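Reading the structure
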Amino acid sequence: MLLLCVGTASFAQAPKAAKGQIAIIPQPVQVTAKTGFFLLTKHTVIVATNEADKTTAALFNAWLEPLTGYALPIRESGASNSIILETGHDTTHPEGYTLTVDRTRIKVRGNDASGTFYGIQSLIQMLPVEKATAMEVPAATIVDYPRFSYRGMMLDVGRHMFPVDFIKKYIDLLAMHKMNTFHWHLTDDQGWRIEIKRYPRLQEVASQRKETSVGHYRDNKYDGTPYGGYYTQEQVKDVVKYAADRHVTVIPEIEMPGHAQAALAAYPYLGCTGGPYEVATHWGVLHDVYCAGNDSTFTFLENVLDEVLPLFPSKYVHIGGDECPKDRWQACPKCQARIKAEGLKDEHALQSYFVQRIEKYLNSKGRQIIGWDEILEGGLAPNATVMSWRGIEGGIAAARQHHDVIMTPGKYLYIDHAQSNDKNEPLSIGGYLPVSQVYSYDPVPTDSLKPDEYKYIKGAQANLWTEYVASTDYAEYMAYPRACAAAEVGWTPMNRKDYNNFLERLKVHVKRLDLKDVHYARHVLDSTS
Ligand code: TNX
């Protein structure tokens, strides 16, 4: 990297990875480097004609201004010395774009508004990372589009909650890595984190727990600190809009029938025994779940969903479905009566009944459900998408049944696992998941599926569960740089993936993370270099 000062102007060159290659993460489909560069100065103009492109242009300025001290004017026309955004002119692939940088201008042609946005993300990654008044952008042509239509990251705010500003930063980083889905895990045994006006006790009771569990769940130690909070509907709307501007869809998760103890604490009639229940203060799989025999459970959930849906325009709503022990249902006369009345085989079929009933409701509102892979047990709901987390088997089974699948196997994409094997690594769950293993993941199990079944694999997602992640710094530490690797899993074609090459680009890329003040796990990079 070079910084030259001539008079009052300072010139900076884009950082390059080894062998002078342009260091973009995720690696684009095709990068052709040319000679020369475009010199971006305060006289450069951005040309954008539609609202989405103007928003994208403003976001480009938001990146540029701290480095250059100026924002570029956004105009509706202009020829030379301009960055031209065009949408709808590259018809090859959804979310795809072509980026051409030459001496006189930069052109980003998106297939759609997301494509233009991603072209600008690549352009940002071609800029220098230090302050300067003039910036050299290397001449190149990039042709790019995603391998998968679903590229996500999940954040669990049930176990620990994070401020709205942090949620926005998390979304910023997703978008920077060309991920298009933020899965917001909003409810769990240890806390209900979304305001539902019809049920005030969700705010008063379900969002608060008496003690914060510290140490490993096997120790069941508590530090005695009350813990709680929730997002108001206004905050949720603000986050959803913020995400939409960055071409990120927010999918809410309202967990059922398991992981529901916080809701039961607020409204004990929702459980089989009638309670009393407490918002959970320790981690794990808990036995008290929504009663499947009681119609008022479904009324409650439908009323909750009626408030959730207007906040989230997403096609999908995640209904959980994981880790629902069946012992309360076995002992519950109403659940047993339901099994009999519906002619169900057992409690697994009762869970399937539960999920299908909710699916029907959501389908009637024009939405589709996603559930964790346990929703396969007892029979898959007709239109459900399966998130395969306990491995890839659930995903394989669902694809064979011609259901859509999102791959999130723990072994590769659970970024709540330890960042390294170092003995000083902070407390975490699930073992050790190195960046290289995240990177190595291929979501399409070609040896298990037939070629005509591959299309059901819609993409991949990294999950950040937060039992042991109590601070924003630690959340970022767990997410980065593993999310950079996950981004490449979702975007980059297999024949463009190369771990050593990724590491070279990552060395440059972390300087961008530094600019965004991301507390990534630095030592992971030291040990991989
Ligand atoms: C399993 S993954 C869970 C979560 C935990 C996680 C810890 C899934 C669908 N359920 O409730 O937080 O393990 O890794």
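Model, not experiment: these values are computed from the prediction.

Details of the overall build of the protein chain
Helices and strands together make up the secondary structure of the protein chain, namely 17 helices and 23 strands. For 529 residues, the compact-globule estimate of 2.2 N^0.38 gives 24 Å, and the protein chain sits close to it at 24 Å. Viewed in the frame of its principal axes, the protein chain has a C-alpha envelope of about 80 × 50 × 45 Å. Put simply, 73% of the contacts in the protein chain that link residues at least 6 apart link residues at least 24 apart. Only carbon and sulfur atoms are counted for the fraction: they give 51% of the accessible area of the protein chain, which is about 19,900 Å².

Section: the pattern of salt bridges
Counted according to the given criterion, the structure contains 25 salt bridges. When the shortest N-O distance is used, the salt bridge between Arg-159 and Asp-156 registers 2.9 Å. With respect to burial, Arg-159 and Asp-156 carry one shared label: buried. In this structure, Asp-172 engages Lys-516 in a salt bridge whose closest nitrogen and oxygen atoms are separated by 3.5 Å. Taken together, the positions of Asp-172 in helix H3 (residues 164-176) and Lys-516 in the loop between helix H16 (499-515) and helix H17 (522-528) put the pair 344 residues apart, joining distant regions of the chain. Judged by its relative accessible area of 17%, Asp-172 falls in the buried class. Bridged by salt links that share partners, the residues Asp-156, Arg-159, Asp-188 and Glu-467 form one connected network.

Quick notes on the confidence of the model for the protein chain
Of all residues in the protein chain, 95% have pLDDT values of 70 or greater, and the mean over the chain is 94. ipTM for the predicted complex: 0.96, alongside a pTM of 0.96.

Topic: the pairing of strand S7 (residues 97-101)
The buried fraction of S7 amounts to 4 of the 5 residues, a majority that puts the element mostly inside the structure. Examined bridge by bridge, S7 and strand S8 (residues 105-110) share 5 bridges and lie antiparallel to one another. Directly across from Leu-99, in S8, lies its bridge partner Val-108. The antiparallel pairing of S7 with S8 creates a hairpin that spans 3 residues between the two strands. The pairing of S7 with strand S9 (residues 134-144) spans 5 bridges and is antiparallel. Paired with Leu-99 across the strands is Ile-142, a residue of S9.

Quick notes on the site of the ligand
Around the ligand, a shell composed of Arg-159, His-259, Asp-322, Glu-323, Trp-372, Trp-389, Tyr-414, Asp-416, Ile-429, Trp-465 and Glu-467 is seen. Glu-323 has a polar side-chain atom sitting 3.4 Å from a nitrogen atom of the ligand. Relative to its free-state accessible area of 360 Å², the ligand is covered by the protein chains to the extent of 92%. Grouping the amino acids of the shell around the ligand by side-chain chemistry returns 5 nonpolar, 1 polar and 5 charged.

A few points about the packing of aromatic side chains
Using the criterion set out here, one finds 26 aromatic pairs in the structure. On the basis of an interplanar angle of 75° and a centroid distance of 5.3 Å, the ring pair of Tyr-118 and Trp-491 is categorised as edge-to-face. Separated by 373 residues along the polypeptide, Tyr-118 in helix H2 (residues 113-124) and Trp-491 in helix H15 (residues 482-491) bring together distant segments of the chain. Each member of the pair, Tyr-118 together with Trp-491, is buried. Among the aromatic residues, those joined into a cluster by ring pairs are Phe-162, Phe-166, Tyr-170, Phe-182, Trp-184, Tyr-231 and Phe-312. Sitting over the face of the ring of Trp-491, Lys-178 holds its NZ or CZ atom 5.7 Å from the ring centroid. Arg-357 extends its terminal NZ or CZ atom over the ring of Phe-298, reaching a point 4.0 Å from the ring centre.

What to know about the sheet that holds strand S22 (residues 405-407)
Pairing within the closed barrel is parallel, and its 8 strands lie in the order S10-S11-S18-S19-S20-S21-S22-S23. Direction aside, the axes of adjacent strands within the sheet are offset by 30° on average. As paired elements, strand S19 (residues 316-320) and strand S20 (residues 368-372) share 3 bridges and run parallel to each other. Considered in S20, the bridge of His-318 is made with Ile-370. Across the face of the sheet, helix H7 (residues 295-308) comes into contact with strand S18 (249-256) and S19 while running at roughly 165° to S18.

As for the packing of helix H9 (residues 333-341) against helix H10 (residues 347-364)
Following both chains from N to C, one finds H9 and H10 inclined at 85°, their axes separated by 10 Å at the closest point. The angle between H9 and H10 falls in the class roughly perpendicular. Facing H9, whose interface residues are Cys-335, Gln-336, Arg-338 and Ile-339, H10 presents Glu-347, Leu-350, Tyr-353 and Arg-357. The residue makeup of the contact of H9 with H10, split by class, is 4 nonpolar, 1 polar and 3 charged.

Observations concerning the nonpolar core
Phe-60, Trp-184, Trp-192, Leu-202 and Tyr-290 are the most contacted members of the largest nonpolar core, which has 160 residues in total. It is H3 that provides the largest number of residues to this core, a total of 9 residues. If we skip the residues at most four places from it in the chain, Trp-184 touches Leu-155, Val-157, Ile-167, Tyr-231, Val-236, Val-239, Val-250, Ile-251, Pro-252, Glu-253 and Phe-312. Ranked by size, the runner-up nonpolar core spans 11 residues in total, among them Tyr-316, Trp-372, Met-387 and Tyr-414.

Looking at the side chain of Gln-190
Structurally, Gln-190 can be placed in the loop between strand S12 (187-188) and strand S13 (191-192). Given the relative accessible area of 0%, Gln-190 is considered buried. Setting aside residues no more than four positions away along its own chain, Gln-190 makes contact with Gly-158, Arg-159, Arg-209, Val-279, Ala-280, His-282 and Trp-283.

Some details on the packing of H7 against H10
Packing of H7 against H10 brings their axes to within 11 Å, and their N-to-C directions diverge by 40°. Seen from above, H7 lies across H10 with right-handed handedness. Contact residues: H7 offers Asp-295, Thr-297, Phe-298, Leu-301, Glu-302, Leu-305 and Asp-306, while H10 offers Tyr-353, Phe-354, Arg-357, Ile-358, Tyr-361 and Leu-362. Counted by class, the contact of H7 with H10 contains 8 nonpolar, 1 polar and 4 charged residues.

So, how was this worked out
Residues numbered from 1 in each chain as written. Predicted model: local features only at pLDDT ≥ 70, side-chain atom pairs only at ≥ 80, totals over all residues. Heavy atoms only, no water. Helix = DSSP H or I, 4+ residues; strand = E, 2+ residues; numbered from the N terminus. Rg over C-alpha atoms; globule rule 2.2 N^0.38 Å. Contact = heavy atoms within 4.5 Å. Areas by Shrake-Rupley, 256 points an atom, 1.4 Å probe, with all protein chains shown as cover. Salt bridge = Lys/Arg side-chain N within 4 Å of Asp/Glu carboxyl O. Buried < 20%, exposed > 50% of the residue type's maximum accessible area, 1.4 Å probe, protein only. pLDDT = per-residue confidence, 0-100. Pairing = 2+ DSSP bridges. Near = heavy atom within 4 Å. Polar contact = N/O pair within 3.5 Å; in protein donor to acceptor, adjacent residues only side chain to side chain. Nonpolar A, V, L, I, M, F, W, Y, C, P; charged D, E, K, R; others polar. Phe/Tyr/Trp six-rings, centres within 6.5 Å; stacked < 30°, edge-to-face > 60°. Lys NZ or Arg CZ within 6 Å of the ring centre and 35° of its normal. Axes fitted to C-alpha atoms, helices over the stretch in contact; angles between N-to-C directions. Parallel < 35°, antiparallel > 145°, perpendicular 65-115°, else oblique. Core = buried A, V, L, I, M, F, W, Y, C linked by side-chain atoms within 4.5 Å. Left-handed = near helix turned anticlockwise from the far one by under 90°.

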